[in-house]
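Chain and residue survey
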Amino acid sequence: MKKLAILSMDAVRIPLLPTAPNVKIENGEEYDIRDKCTRATALGQRLTFFADELSKYFDVTVLVPDLNYPPDNAIDYSKINYTFKPYNWFDANWHYSEYLAQQFLEYDIIIMQSAGGVGFLNGAKLPSHIILCIDACLPFPVEYKKLLDIYPPDKQGEYYQMGMNQYKQLMNRADLLIYANDRQRNFYEGLFIQLSNYNTKFMNDMQFIKVQNPIADRYIPERKMNSTYQFLWYGGIYPWYAVDKVFEMVDTFDNISITFSGVLHPRFKKIRDNFYREYHDRLLNHPKISIDYNYYDDPTTLFSMYDATIVMAQEGMENSYSNRSRILDSISYGLPVITNKTNPLHDEPFLADVLVPYTDIHDMDSCLVKLNDIADEDFYNIYQYYTSENCFNDLICRLK
Amino acid sequence: MEKNIAIILTDNICDCTDDQILFWYPRSYRCLQLAHYLSREENFFVTVFVPYFDSERKTHVYNNHSYETILYNGKAAIWNWSLELESKLKKFTHVIMPISQGVGFLNIGSLTKTNVIIDGAYSFLPELPGALLGTPVKFRKTYWDRYLYYYQLMLQNVNCLLYGHDRQYYYYEGQLTSISKLDWSAFQFSPLLKIPPLFQKTKTIKTEYAQTPTKILWLGSIQPQSYPELLIEYAKSHPQITIDFVGILHPLYKKSYKNYFKKYFSNLPNNITVYDNLPEDVTNFYTNYDVGILISRGWIEERYAIRNELWDMLIHGLPIIVNKESSLLLEFSNLTDSIYTVQLNNFNNDMDAILNNAPLIVSDPVKKRIEANILSVTDISELIDYINRF
């Protein structure tokens, strides 16, 4: 059986035993072990989908940052078919790590997410006998520059060049590029053809594989439906979101109220402090907006209380390519999603049936009409189509 | 406000017939269409730059149009900066040029006071690996690096980039991102503008369709990405059909034809006929056939190509068979009753299924959509608006 490693740049949902300690100590400070080792972002969730399905066919190891790795004896392996190993995150973040390089040599296939600088240089210098797959579900060049806003202006240009330089090296080495929606494929073909050296790989499509996130059937049959609409904002507030549009909605329509849940991610303090602070007081003081600070390991109860989820982003390239997992999560629980008309998920098979396209406040009336027209069958079609087997079939065939 | 617009042709179209320009030099065909429509605007003064590559054949007549023509030395502008082009372009407020095989790249890249509009409908980079097949293996990477560099210099200087179908939009966003011309901060304004393929109906429209389709037309030149041998093999095992390969010799691709494809066109069975050149009189031409076909090798080029031959056949009522990845399917999604697709790894079975599915027609919905979207002159209204605003 081929040995396959998936490199995670951040925490993944590591299942913990009941006997696991409550705290993880780092640099002398104590942290909640669940915050550190189980609270995954969208990328971590996607990686778990990969590990779950690929481990049926390959000997899979998930390489987790040491910062997010619990004691070995705290991991519950009873329900998974793969293993976790730590790597030195600081050593590999925008640097070539000798330690990580040695770890990579143990595997036949490496899958990396091109979302941050972790492992970029190691991937770029991977020996040619090891297959390198880049999961490019998140278009790094689009988001990266905006994320640099948290650094001093005089440093941003330097960091941008450094990051793009490493990114180009990584992409040039990639044997296989995994994308999540059709627009991304076209974007990467345009990007790739400029980044790479001349060779025949531009001349056919053998190096691109689509892997959409599976959407599990967690349908909640009896959702609360009233004449008033209670919407849910589910997840962090990042620089590319458009919270102002949400304020506009509740200010314009008397029968709409919104709850923000999961806005405070336990990590990513810099982003939180820089961007969320701007909205916190306004959210807190608005009479029709509430904030739910709970963290839900199982959000079934949360999703059962609302009529739809709202995901509003600023128009532009980030939204144009984003494969938002919060949208897919919501659909998994049977909740329709009001989101930008320009989001690429509208183009994916069956998803448009449960997505409510929104351009501006003038659309809201028709959005509410469409919300009421969405049927149970629309969700069941999706669950049948986006099974884990279907989503990963092409990738598994190729890697085999 | 008065707009002086230069439209630079980059192909050797001297002495070409209209159909030769349409099928052999699609970039020039599209630019001439743009010139035709733009010059009808009241305050637009359009000049078309026609290249000559042979000083003895530089007398090309483009009269009877509402735009002027200027000749320039095309040879001097291939992968080079041309002083002649530079001085002639100075008086124009806007320059429109197609992305072609290196003509004018450096001149466009160095313009400073002119609004530069590039037409990327016929994309360059996906074609380049195929074009380089005719060069020594040892030098291909050198050529690639050099051409890519010049291409990027041009792209950096572009104010507006025209594209032809939706897939190209994201492709060019990727390209512009890779040279840092676009990033997250560019969300409020996109330099990309869609101008669909600009065609005119000039020939007889096919309206009668056979119950047993047997006459297949391959119309168009054999280029590195073409896959005629697949069809030839199919014809050998299906004697009941006839296939005409028409206009297969392109002036630019004689080398790749001779070195690679020619062997497949010797010892052909009786049901295949080859015509090197395009027919002189194409009136009623399509009515002789049941279905048109153009198959390519599934390279990346296929995904971004616009094949004028296929569009023309479809517009004139001839159903077509294309690769499954063809961009035509994006423009006419779900209309598989007019555009039939084959997968290369299942070609024979797909062909059998298509030909058994008689009659093959161009459906009314496709015809209506062509009328509404493709043959409408208002298609370039956004470009007119852009030129007026900037």
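Residues numbered from 1 in each chain as written. Chains lettered and ligands numbered in written order. Predicted model: local features only at pLDDT ≥ 70, side-chain atom pairs only at ≥ 80, totals over all residues.

1. Remarks on the overall build of chain A
- If you tally the helices and strands in chain A, you get 16 helices and 15 strands.
- The C-alpha radius of gyration of chain A comes to 21 Å, within 12% of the 21 Å expected for a compact globule of 400 residues.
- Projected onto its principal axes, the C-alpha coordinates of chain A cover approximately 60 × 55 × 50 Å.
- If you take every contact in chain A between residues at least 6 apart in sequence, the share linking residues at least 24 apart comes to 72%. (Helix = DSSP H or I, 4+ residues; strand = E, 2+ residues; numbered from the N terminus. Rg over C-alpha atoms; globule rule 2.2 N^0.38 Å. Contact = placed C-beta atoms within 7 Å.)

2. Section: the overall build of chain B
- For chain B, the helix and strand inventory stands at 15 helices and 13 strands.
- Taking 21 Å as the expected radius of gyration for a compact globule of 390 residues, we find that chain B reaches 21 Å, a close match to that expectation.
- When the backbone C-alpha atoms are referred to their principal axes, chain B occupies close to 60 × 50 × 50 Å.
- The buried share of chain B, reckoned over its 390 residues, is 45%.
- In chain B, the share of contacts with a sequence separation of at least 24, taken over all contacts with a separation of at least 6, comes to 73%. (Buried ≥ 20, exposed ≤ 12 C-beta atoms within 10 Å, placed from the backbone.)

3. A closer look at the sheet that holds strand S12 (residues 320-323) of chain B
All names here are of chain B.
- With parallel pairing, the six strands of this open sheet are ordered in space as S10-S9-S8-S11-S12-S13. Each having just a single partner strand, strand S10 (272-275) and strand S13 (339-342) make up the two edges of the open sheet. In this sheet, adjacent strand axes meet at a mean angle of 25° when their direction is disregarded.
- Here three bridges tie strand S8 (residues 215-219) to strand S11 (residues 291-293), and the two strands are oriented parallel to one another. Across the sheet, residue Ile216 finds its bridge partner in S11, namely Val291.
- Against the sheet, helix H8 (residues 228-236) engages S8, strand S9 (242-246), S10 and S11, with an angle of about 155° to S9. (Pairing = 2+ DSSP bridges. Axes fitted to C-alpha atoms, helices over the stretch in contact; angles between N-to-C directions.)

4. Here we look at the sheet that holds strand S7 (residues 192-194) of chain B
Residues and elements named next belong to chain B.
- Here seven strands make up an open sheet; going across it, the order is S3-S2-S1-S4-S5-S6-S7 and the pairing parallel. The two strands at the open ends of the sheet, each matched to only one other strand, are strand S3 (68-73) and S7. Neighbour to neighbour, the strand axes of the sheet diverge by 25° on average, direction disregarded.
- As judged from the three bridges shared by strand S6 (residues 160-163) and S7, these two strands associate in the parallel manner. From the neighbouring strand, Leu161 faces S7, where its bridge partner is Leu192.
- Where helix H2 (residues 26-38) meets the sheet, its contacts fall on strand S1 (3-8), strand S2 (44-52), strand S4 (94-98) and strand S5 (115-119), and the angle it forms with S4 comes to roughly 150°.
- Strands in contact with helix H15 (residues 381-389) are S1, S4, S6 and S7; relative to S7, the strand with the most contacts, it is inclined by about 140°.

5. Quick word on the domain arrangement of chain A
Residues and elements named next belong to chain A.
- When its domains are assigned, chain A resolves into domain 1 (3-214 + 388-399) and domain 2 (229-383).
- Taken over C-alpha atoms, the centre of domain 1 sits 26 Å from the centre of domain 2.
- Facing the 20 residues of domain 1 at the interface are 17 residues of domain 2.
- Of all the secondary-structure elements, those providing two or more residues to the side of domain 1 that touches domain 2 are helix H2 (42-54), helix H6 (140-147) and helix H8 (182-195).
- Among the elements that line the side of domain 1 that touches domain 2, the one with the most residues is H8, at four residues.
- Looking at the side of domain 1 that touches domain 2, its residues break down into seven nonpolar, five polar and eight charged. (Domains from an automatic or database assignment. Nonpolar A, V, L, I, M, F, W, Y, C, P; charged D, E, K, R; others polar.)

6. A word on the domain arrangement of chain B
Residues and elements named next belong to chain B.
- Assigned domains of chain B: these are domain 1 (3-198 + 376-389) and domain 2 (215-372).
- For domain 1 versus domain 2, the distance between C-alpha centres works out to 27 Å.
- Each partner contributes to the interface: domain 1 provides 24 residues, whereas domain 2 provides 26 residues.
- Looking at the side of domain 1 that touches domain 2, the elements that each hand over two or more residues are helix H1 (18-24), H2, helix H5 (128-131) and helix H7 (166-178).
- Looking at the side of domain 1 that touches domain 2, the element that brings in the most residues is H1, giving five residues.

7. Quick word on the pairing of strand S13 (residues 308-311) of chain A
Residues and elements named next belong to chain A.
- The alternating pattern of S13 places Ala308 and Ile310 and Thr309 and Val311 on opposite faces, both of which are buried.
- Of the strand pairs in this sheet, strand S10 (residues 229-234) and S13 are connected by two bridges, and their pairing is parallel. Note on S13: the bridge partner recorded for Leu232 is Thr309.
- Both S13 and strand S14 (residues 337-340) contribute to a ladder of three bridges, which runs parallel.

8. Description of the pairing of strand S11 (residues 256-261) of chain A
Residue and element names in this part refer to chain A.
- Relative to S11, S10 is paired through six bridges, and the arrangement is parallel. Its bridge partner lying in S11, Tyr229 is registered against Ile256.
- One crossover worth recording links S10 to the parallel S11 by way of helix H9 (residues 243-252), and it is right-handed.
- Pairing analysis gives four bridges linking S11 to strand S12 (residues 289-292), with the strands arranged parallel. If you follow Phe260 over to S12, its bridge partner there is Ile291. (Right-handed = clockwise from strand over helix to strand, strands pointing away.)

9. As for the packing of H2 of chain A against helix H16 (residues 388-399) of chain A
Residue and element names in this part refer to chain A.
- For the pair H2 and H16, interaxial distance at closest approach is 10 Å and the crossing angle is 75°. By the angle between their directions, the pair H2 and H16 is classed as roughly perpendicular. Residues Phe49, Asp52, Glu53 and Leu54 of H2 pack against Ser388, Phe392 and Ile396 of H16.
- Of the residues that constitute the contact of H2 with H16, the class distribution is four nonpolar, one polar and two charged. (Parallel < 35°, antiparallel > 145°, perpendicular 65-115°, else oblique.)

10. As for the confidence of the model for chain B
- Across chain B, the average pLDDT comes to 89, with 94% of residues at or above 70.
- The ipTM for the predicted assembly is 0.89, set against a pTM of 0.91. (pLDDT = per-residue confidence, 0-100.)

11. Quick look at unusual backbone geometry
- Cis geometry marks the peptide bond from Ala358 of chain B to Pro359 of chain B, where omega comes out at -10°.
- Within the secondary structure layout, Pro359 of chain B lies in the loop between helix H13 (347-355) and helix H14 (364-374).
- In the Ramachandran plot, Asn27 of chain A falls in the positive-phi region, its phi being about 50° despite a non-glycine side chain.
- Mapped onto the fold, Asn27 of chain A is located in the loop between strand S2 (23-26) and strand S3 (29-32).
- Take Asn27 of chain A: there are 6 C-beta atoms within 10 Å of it, and that puts it in the exposed class.
- Not every positive phi belongs to a glycine, and Trp79 of chain B is a case in point at roughly 55°.
- With respect to the helices and strands, Trp79 of chain B occurs in the loop between S3 and helix H3 (83-89).
- Among the residues examined, Trp79 of chain B registers 14 C-beta atoms within 10 Å and is labelled partly exposed.

12. Quick notes on the environment of Ile361 of chain B
All names here are of chain B.
- With respect to the secondary-structure elements, Ile361 resides in the loop between H13 and H14.
- Judged by C-beta crowding, with 20 C-beta atoms within 10 Å, Ile361 ranks as buried.
- For the pair formed by Ile361 and Gln33, sequence separation is 328 residues and the distance between their alpha carbons is 28 Å.
- Leave out the neighbours within four places in its chain, and Ile361 touches Tyr209, Pro319, Asp337 and Ser338.

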